[in-house]
Amino acid sequence: MSIARLELDLEVFTGPFDLLLTLVLREEIDLLELSLADVVLAYLDHLEARGELELESATEFIVLIAALLELKSRLMLLGEDDEELDIEPEQAAEELLARMLDARRYRAAAGHLGALLEAERGHRFREAPLPPGLRRTVLAPAAGSEHPDALGAAIGRLLAMAPEISLRHVSVPRVAVAERLALLRGLLRRGSFSFEEAVRGADRMTVAVTLFALLELYKRGEADWDQGESFGEIDVHRPAAAPAGALSLAGPAAASA
Amino acid sequence: MSERPANVPRLARTVEALLFLSSDPLALAELAEACEAGEGAVTAALALLAERHAPGRSGIVLRELGGGWTFASDPASEDAARRLFSRPRVATLTPAQAETLAIVAYLQSVSRPEIARIRGVSADSAVATLLDRGLIEEAGHSQFGAIVYRTTTQFLKLFGLRSLDELPDVARWDPTPEEQGELRERLMRAGEARAG
Amino acid sequence: MSERPANVPRLARTVEALLFLSSDPLALAELAEACEAGEGAVTAALALLAERHAPGRSGIVLRELGGGWTFASDPASEDAARRLFSRPRVATLTPAQAETLAIVAYLQSVSRPEIARIRGVSADSAVATLLDRGLIEEAGHSQFGAIVYRTTTQFLKLFGLRSLDELPDVARWDPTPEEQGELRERLMRAGEARAG
């Protein structure tokens, strides 16, 4: 079965996979609202129902879902660094479409080559070495006949860095864990604080690193937290029996994200 | 066969011997130079050989492939050849290899990262196998230093092609207007369903 | 040649194809088995082929050799064959060999896996040729047990160098001088970036 016909029953969409792709590309479905994990689950269900893995369609699925993930991650990371984005979402969508077309084209071309090979099946060619008397004599080249510059040029070519696969759209501000640890410790000295307070106005990366720093403090027994309800405030405080002097014992945490 | 086989002019015999010896197809110009003859005379010799080696007259057939002329066995003898050599003439290609080969054939020269980009998965093992089987070869470097690949004469020979020009336009496999129309129609229906 | 070439019986064509394909002489029994025919019928087919492939009638002649049958090129075509195949050739470096040699020259010593990582493709055949031509040699083992290579005196001679110190400064061809690190490390990085 072609992956295009995979039937999906998702929160925001019901229908075949290829239609979903089309709607996403036309921006009639907001990719941000679409749970790609559910698409993967639907595919896995489909695989289980069939009881066999068809490599061709599995490859196709992985290509498409990876493209959607990339597209979605770009959309999600749209933020203050907009102007740094070198690929706009529309352009990314165009790329995805072009890539799908390309993959389809060359898969068909591969089929054509397979047919050509099949048609040639009965023809064999002679593969025999030349009789000894006819073998080519290879002369050793004269001393100094090669120029050393050729070696330098070859190394120069090998030094050329391939253009980096641009991750600029996943712009990663460097946030030091040490810095966030210091901030959290400062807040802890006051007794307790809410996590929201610790990350107010911060970007996603800083929030993530702050959470990481908080986990680190928890591990060291310097902090504990409560959360009254899901998605509710996280109240951070010193553990009931905070080891005395723990605040000054903490070593330098130099990791950075 | 009661007729006595006719004598064959010397130039045709020489061309026949060269084609027999060479494992690569030989171009008209190469043959002419080796035979110290004009291209016209060699063309006439090739016509004679084509007649002598026509299917039904010989187990060895003359073919124009890969930019030159070469001898091949007549497919009618394939069963016997398989029994004698106990292996198929060429292993078949896996889908990944066929797809990689198609990309190299149409886009040459093309680098591995480009192939991977089009296929959406790494092409390393397919490229290695195709290199190994002599169907593709290195053709220098891209501007970023990646090695680029092209197809070989061996590819043309095994796929029965005289030249790359014989490959059909890749655009012929693009979706047809009907297919696109069908997609559009389904899109409209889905859009209405969403609106309603 | 005005006569039309006669058709040839199928068995003779099959034997002809098998003799054409095989680089070694084929015994009567082998031919009979492959053709699923009796030895008598194959002997008759060989007689027909001997007539067809007699000197003066074909550039491909039938020979009985080492207890079997084989095709060979007609000795009369030897001059042309020599012009085509055996013109002496001066060994030159292919791009892959030049690249591999440059890596060994600048990094000595270096192992095959390292060369492959830098080039982004296997260097096995280039290394083999360079060893064969005496331009590189083994120089012990790396800490991981891989054989490492260095250039030879023969290499210095070929490039007209008195010592390795005379290798030109890579900075002249360095496309990314802002990159930091020693040459080996930078080559590895660039190779890995290329391999994607």
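Residues numbered from 1 in each chain as written. Chains lettered and ligands numbered in written order. Predicted model: local features only at pLDDT ≥ 70, side-chain atom pairs only at ≥ 80, totals over all residues. Heavy atoms only, no water.

**Some thoughts on a nonpolar patch on the surface**
Here is step 1: A cluster of nonpolar side chains, contributed by Val40(A), Leu41(A) and Leu44(A), occupies part of the molecular surface with about 240 Å² of accessible area.
Here is step 2: You can call Leu41(A) partly exposed: its relative accessible area is 48%. (Patch = residues over 30% accessible without salt bridge, like charges linked within 9 Å, V, L, I, M, F, W, Y side chains within 5 Å. Areas by Shrake-Rupley, 256 points an atom, 1.4 Å probe, with all protein chains shown as cover. Salt bridge = Lys/Arg side-chain N within 4 Å of Asp/Glu carboxyl O. Buried < 20%, exposed > 50% of the residue type's maximum accessible area, 1.4 Å probe, protein only.)

**A short note on the sheet that holds strand β4 (residues 110-111) of chain C**
All names here are of chain C.
Here is step 1: What the three strands build is an open sheet, ordered β4-β6-β5; its pairing is antiparallel. Here the strands that pair on one side only, and so sit at the sheet edges, are β4 and β5 (136-141).
Here is step 2: Pairing analysis gives four bridges linking β5 to strand β6 (residues 147-151), with the strands arranged antiparallel. If you follow Ile136 over to β6, its bridge partner there is Thr151.
Here is step 3: The sheet contacts of helix α7 (residues 124-132) involve β5 and β6, and relative to β5 the element is tilted by about 110°. (Pairing = 2+ DSSP bridges. Helix = DSSP H or I, 4+ residues; strand = E, 2+ residues; numbered from the N terminus. Contact = heavy atoms within 4.5 Å. Axes fitted to C-alpha atoms, helices over the stretch in contact; angles between N-to-C directions.)

**A word on a negative patch on the surface**
Residue and element names in this part refer to chain A.
Here is step 1: Together, Glu196, Asp226, Glu233 and Asp235 make up a region of like negative charge exposed at the surface.
Here is step 2: By the secondary structure assignment, Glu233 is in the loop between β5 (224-227) and β6 (234-237).
Here is step 3: Among the residues examined, Glu233 registers a relative accessible area of 47% and is labelled partly exposed. (Lys, Arg positive; Asp, Glu negative; His and termini not counted. Charge placed at Lys NZ, Arg CZ, Asp CG, Glu CD.)

**Thoughts on the packing of helix α5 (residues 95-107) of chain B against helix α6 (residues 112-119) of chain B**
All names here are of chain B.
Here is step 1: Viewed as axis vectors pointing N to C, α5 and α6 meet at an angle of 120°, and their least axial separation amounts to 10 Å. Taken together, α5 and α6 sit at an angle that is classed as oblique. Both α5 and α6 take part in a crossing whose hand is right-handed. Mapping the contact onto sequence places Ala96, Glu99, Thr100, Ile103, Val104 and Leu107 in α5 and Ile115, Ile118 and Arg119 in α6. (Parallel < 35°, antiparallel > 145°, perpendicular 65-115°, else oblique. Left-handed = near helix turned anticlockwise from the far one by under 90°.)

**What about the interface of chain B and chain A?**
Here is step 1: In this complex, chain B contributes 58 residues to the contact, which on the side of chain A involves 44 residues.
Here is step 2: Interface area for chain B against chain A, summed over the two sides, is near 4600 Å², with a carbon-plus-sulfur share of 62%.
Here is step 3: Linking chain B with chain A are three salt bridges, by the criterion used here.
Here is step 4: Here Glu120(A) ties to Arg63(B) by a salt bridge, and the two come within 2.5 Å at their closest N and O atoms.
Here is step 5: Between chain B and chain A we count five residue pairs in polar contact (both at pLDDT 80 or more) in total.
Here is step 6: Considering only residue class, the side of chain B that touches chain A consists of 35 nonpolar, eight polar and 15 charged. (Buried area = accessible area lost by both parts, 1.4 Å probe. Polar contact = N/O pair within 3.5 Å; in protein donor to acceptor, adjacent residues only side chain to side chain. Nonpolar A, V, L, I, M, F, W, Y, C, P; charged D, E, K, R; others polar.)

**Structural notes on the packing of aromatic side chains**
Here is step 1: Inspection of every chain in the model, using the stated rule, returns eight aromatic pairs over all chains.
Here is step 2: On the basis of an interplanar angle of 45° and a centroid distance of 5.0 Å, the ring pair of Phe155(C) and Phe159(C) is categorised as tilted. An identical accessibility class is assigned to Phe155(C) and Phe159(C); each is buried.
Here is step 3: A connected cluster of aromatic rings, assembled from ring pairs, spans Phe17(A), Tyr43(A) and Phe61(A).
Here is step 4: Looking at Lys157(B), its charged tip hangs above the ring of Phe125(A), at a distance of 4.6 Å from the centre. (Phe/Tyr/Trp six-rings, centres within 6.5 Å; stacked < 30°, edge-to-face > 60°. Lys NZ or Arg CZ within 6 Å of the ring centre and 35° of its normal.)

**Details of the nonpolar core**
Here is step 1: If you look at the biggest cluster of nonpolar residues, it comprises 49 residues, and the most contacted ones within it are Val15(B), Leu18(B), Leu19(B), Val15(C), Leu18(C) and Leu19(C).
Here is step 2: Dropping the residues within four chain positions of it, Leu18(B) is found in contact with Leu26(B), Leu31(B), Ala34(B), Cys35(B), Ala80(C), Ala81(C), Leu84(C) and Phe85(C).
Here is step 3: By size, the runner-up hydrophobic cluster in this structure holds 36 residues, among which are Ala110(A), Val104(B), Ala105(B) and Val121(C). (Core = buried A, V, L, I, M, F, W, Y, C linked by side-chain atoms within 4.5 Å.)

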